[in-house]
Amino acid sequence: MGSLVLTSALTASQATLGGGEGPAVNITASNDGSEILPLSTTGYDNNWGPIIGEENAVLTSPPFVPAPITRNHATKLIVDLEVLEFTAPIADGVDYTFWTYGGTVPGSFIRTRVGDVVEFNLHNDPSSKMPHNIDLHAVTGPGGGAASSFTTPGHTSQFSFQVTNPGLYVYHCATAPVGMHIANGMYGLILVEPAKGLEPVDKEYYVMQGDFYTEGAYGEAGHQAFDMNKAIHEDADYVLFNGSVGSMVGDKALTAEVGETVRLFVGNGGPNLVSSFHVIGEIFDKVNVEGGSLVNENVQTTLVPAGGSVITQFKVDVPGTLIIVDHSIFRTFNKGALGMLNVTGPEDLKVYSGKQDDRIYQGEGGAVQKVSTAGTNEIPATRDMAKRMELGKRGYEANCMACHQANGAGITGAFPPLAKSDYLMADRDRALNIMLKGLSGKITVNGTDYDSVMPQMVMSDDDVASVLTYVLNSWGNKADKVTLSEVKAAKAKNAGGH
Ligand code: CU
């Protein structure tokens, strides 16, 4: 089932390097119905020809993808992608503060052809509180663009790269704390079509999974903040397709007609979980394994790594509702990983004879059982100043340095300085509480305003005492050492909070 004929609109053509008079076009596929083009016919296909002209990339929001590329040459492709931070429903009655590329989770879909030189413009909206950047897995080069794209609110970064390998690639934010930026929704997909294009299909959709960590359990109403502790322990409250519970159900379900061939571009942003991607009631005729050139056939469930992708393709033969799931199945029925593809058209009782029912796959509800994480740290021996400083330096380098920098100077416009910080040194209890509970909202440090988010630090009471001692006694700062009993007292005072 599902061998498709190449249609004339998308007939494969290949530019060849020749003579300097522009690309010669060779029609390489016949219309006899015998030829199937996988993502790449040659594995690594570098026959992309010269760069001709330029165009602005069409970007789409999930579940939609830009139209297939019909040009038979590489071009300069200009991408403008805007980072937007905002609060929106993650489920009915539950709000979450998302960080996004293009205003959606996952971010805008980018479609390129192999050989294209992409001029990438990353805009960070002036209303953002955080700096962001982008690491595109389609980039060959250090950081995948991350180092070239660090962008503070109200700024634009520009860099360019050539897409050299056909495939479906994840992009994501790589600004510290990296896990938190990804957990808040900063990921998407960039497709690099092979020179001959993809096999034509009837419908193409964009589906991307992500796991979310909230202070409240699944379904707990109100605004739910990101929970660093749960993220570190990979204890997800929500596992979602396209950023919210119900993103592809009811009138937002994907659609197809009987007899059509559907292609799903599937990504997994993580940050932590691997997806066992499955469509209940369907078999994938073809899967581009891990988004690359290897095509598997007749697949029931395909793995999508965190930071990875697959392309699945299947012909729908009978009407009904197909259910898109992560077959790690508690995620589907208890954490939100459920989408729908509604297929309409005539019955084919030979292929499937039976009663159809759209209601049977509704979530079962019920909250995820909460595991107590109450700490029971042993009290270490009393530590002198030198020991506190030694342990504190280690803890600082592991937890704080990515943002506040090795010299405590921070990053202007993004992360406030700790070195000679009037805000830090003015209130020791406040500093201790910020380490225990995190900090968000506007503060003024040495005359400069900062409005960003510091996550709650997940470290032992002993480490908190050491790190704060180190911070209060480095880079020109001077204070008494912080004791374990001070930390415990502050925690006791906060008891009843998180
Ligand atoms: Cu970011």
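Details of the structure are given in the entry above.
Predicted model only: the values in this text are computed from it and were never measured. (Residues numbered from 1 in each chain as written. Predicted model: local features only at pLDDT ≥ 70, side-chain atom pairs only at ≥ 80, totals over all residues. Heavy atoms only, no water.)

K.L.:
It is not clear to me how the overall build of the chain should be interpreted in this structure. Could you clarify?
P.N.:
Looking only at helices and strands, the chain has nine helices and 25 strands in total. Looking at the chain residue by residue over its 498 residues, the buried ones come to 52%. Of all intrachain contacts in the chain linking residues separated by at least 6 positions in sequence, the fraction that spans at least 24 positions is 70%. Looking at the chain as shown, the accessible area adds up to about 21700 Å², and 52% of this sits on carbon and sulfur atoms. (Helix = DSSP H or I, 4+ residues; strand = E, 2+ residues; numbered from the N terminus. Buried < 20%, exposed > 50% of the residue type's maximum accessible area, 1.4 Å probe, protein only. Contact = heavy atoms within 4.5 Å. Areas by Shrake-Rupley, 256 points an atom, 1.4 Å probe, with all protein chains shown as cover.)

K.L.:
Would you mind going over the coordination of the copper ion with me for this structure?
P.N.:
Distances from the copper ion to its protein donors, His132 (ND1), Cys173 (SG), His181 (ND1) and Met186 (SD), fall at 2.0 to 2.5 Å. Classification of the site at the copper ion as irregular follows from its four donor atoms and the range of 84 to 138° in their angles at the metal. All donors of the copper ion come from a single chain, and their spacing in sequence reads H-x40-C-x7-H-x4-M. Taken together, the residues span a long stretch of sequence, with His132 in the loop between β7 (117-124) and β8 (135-136) and Cys173 in the loop between β10 (167-172) and α1 (178-183) at a distance of 41 residues. (Donors = N, O, S within 2.8 Å, 3.2 Å for Na, K, Ca; no water. Tetrahedral: all angles 85-135°; square planar, octahedral: opposite > 155°, others 65-115°.)

K.L.:
Just to check I follow, could you spell out the packing of aromatic side chains for this structure?
P.N.:
The way to describe two aromatic rings as a pair is by their centre distance and the angle between their planes. Within this structure, the stated rule accounts for 18 aromatic pairs. Aromatic rings pair up to connect Phe86, Tyr96, Phe98 and Phe212 into one cluster. (Phe/Tyr/Trp six-rings, centres within 6.5 Å; stacked < 30°, edge-to-face > 60°.)

K.L.:
Just to check I follow, could you spell out the pattern of salt bridges for this structure?
P.N.:
Under the defined criterion, the tally for this structure stands at 21 salt bridges. The salt bridge partner of Asp462 is Arg383, with a shortest N-O separation of 2.6 Å. Residue Asp462 is located in helix α8 (residues 461-472), and its partner Arg383 is located in the loop between β23 (338-344) and α4 (385-399); the two are separated by 79 residues in the primary sequence. Take Asp462 and Arg383: they sit in the same class, and that class is buried. Through salt bridges that share partners, Arg111, Glu193, Glu204 and Arg263 make up one connected network. (Salt bridge = Lys/Arg side-chain N within 4 Å of Asp/Glu carboxyl O.)

K.L.:
Whenever I open this one, the pairing of strand β17 (residues 275-280) confuses me. Can you help?
P.N.:
Within a regular strand, the side chains alternate between the two sheet faces. Buried residues dominate β17, accounting for six of its six residues. Covered by surrounding structure in β17 are Ser275, Phe277 and Val279 together with Ser276, His278 and Ile280, the residues of both alternating faces. Looking at chain direction, β17 and strand β20 (residues 301-304) are connected through four bridges and run antiparallel. Across the sheet, the residue bridging to His278 is Thr301, located in β20. In this sheet, strand β22 (residues 320-326) lies alongside β17 in antiparallel orientation, the contact comprising four bridges. Looking at β22, one finds that Ile280 is bridged to Ile323. (Pairing = 2+ DSSP bridges.)

K.L.:
What am I meant to see in unusual backbone geometry here?
P.N.:
What is expected of a backbone is that most residues other than glycine have negative phi and most peptide bonds are trans. Between Ala176 and Pro177 the backbone carries a cis peptide bond, its omega angle lying at -10°. The omega angle of the peptide bond from Gly270 to Pro271 is 15°, so this bond is cis rather than trans. Residue position: Pro271 is located in the loop between β16 (261-270) and β17.

K.L.:
Just to check I follow, could you spell out the packing of helix α7 (residues 428-437) against helix α9 (residues 484-494) for this structure?
P.N.:
Any two packed helices are characterised by how steeply their axes cross, that is the angle between the axes, and by the distance between the axes. Following both chains from N to C, one finds α7 and α9 inclined at 70°, their axes separated by 10 Å at the closest point. It follows from the interaxial angle that α7 and α9 lie roughly perpendicular. Counting all contacts with α7, which are made through Arg428, Leu432, Asn433, Leu436 and Lys437, the residues of α9 involved are Glu486, Val487, Ala490, Lys491 and Asn494. Partitioned by chemical class, the residues of the contact of α7 with α9 number four nonpolar, two polar and four charged. (Axes fitted to C-alpha atoms, helices over the stretch in contact; angles between N-to-C directions. Parallel < 35°, antiparallel > 145°, perpendicular 65-115°, else oblique. Nonpolar A, V, L, I, M, F, W, Y, C, P; charged D, E, K, R; others polar.)

K.L.:
Looking at this model, I keep getting lost on the sheet that holds β22. Mind explaining?
P.N.:
Across a sheet, strands are paired by hydrogen bonds formed along the backbone, either parallel or antiparallel in direction. Across the sheet, five strands lie side by side as β15-β23-β22-β17-β20; this open sheet has mixed pairing. Because the sheet does not close on itself, it has two edges, and the strands there are β15 (254-257) and β20. Pairs of neighbouring strands in the sheet enclose a mean axial angle of 25°, with direction left out of account.

K.L.:
Honestly, α7 in this entry has me stumped. Any pointers?
P.N.:
Each turn of an α-helix holds 3.6 residues, which means side chains three or four residues apart point in the same direction. For α7, the complete set of buried residues consists of Ala431, Leu432, Ile434, Met435 and Leu436. Two or three places before Asp429, at the opening of α7, Asp427 has a side-chain oxygen 3.3 Å from that residue's backbone nitrogen. Just beyond α7, the residue with positive phi is Gly438, at close to 80°. (Polar contact = N/O pair within 3.5 Å; in protein donor to acceptor, adjacent residues only side chain to side chain.)

K.L.:
Before we go on, may I ask you to explain the environment of Leu84 in this structure?
P.N.:
In this structure, Leu84 sits in strand β4 (residues 74-91). For the pair formed by Leu84 and Asn124, sequence separation is 40 residues and the distance between their alpha carbons is 6.9 Å.

K.L.:
Would you explain the sheet that holds strand β19 (residues 295-299) in this entry?
P.N.:
The six strands lie next to each other as β14-β12-β16-β21-β18-β19, forming an open sheet whose pairing is mixed. The open sheet terminates on both sides in strands that have one partner only, identified here as β14 (238-241) and β19. The sheet shows a mean angle of 20° between the axes of neighbouring strands, direction not considered.

K.L.:
Would you mind going over the environment of Asn298 with me for this structure?
P.N.:
Assignment of secondary structure puts Asn298 in strand β19. Its relative accessible area of 60% is what places Asn298 among the exposed residues. Along the chain, Asn298 and Asp285 lie 13 residues apart, while their C-alpha atoms are 4.8 Å from each other. Apart from residues no more than four positions distant in its own chain, Asn298 is found in contact with Ile283, Phe284 and Asp285.

K.L.:
Quick question: what am I supposed to make of the nonpolar core here?
P.N.:
Grouped burial of nonpolar side chains is what soluble globular proteins tend to show. With 88 residues, the main nonpolar core has Phe120 and Phe277 as its most contacted residues. At seven residues, β4 tops the list of elements feeding residues into this core. Not counting chain neighbours up to four residues away, the residues in contact with Phe277 comprise Val207, Phe241, Leu264, Val266, Phe284, Gln300, Thr301, Thr302, Val304, Thr312, Ile324 and Val325. Judged by nonpolar contacts, the second largest core, of 22 residues, contains Cys400, Leu436, Met457 and Leu468. (Core = buried A, V, L, I, M, F, W, Y, C linked by side-chain atoms within 4.5 Å.)

K.L.:
How do you make sense of the side chain of Arg331 when you look at a structure like this?
P.N.:
Note on placement: Arg331 falls in helix α3 (residues 330-335). Judged by its relative accessible area of 16%, Arg331 is buried. Dropping the residues within four chain positions of it, Arg331 is found in contact with Gln209, Val239, Leu273, Val274, Ser275, Asp326, Gly336 and Ala337.

No statement about biological role is implied by the geometric values presented.
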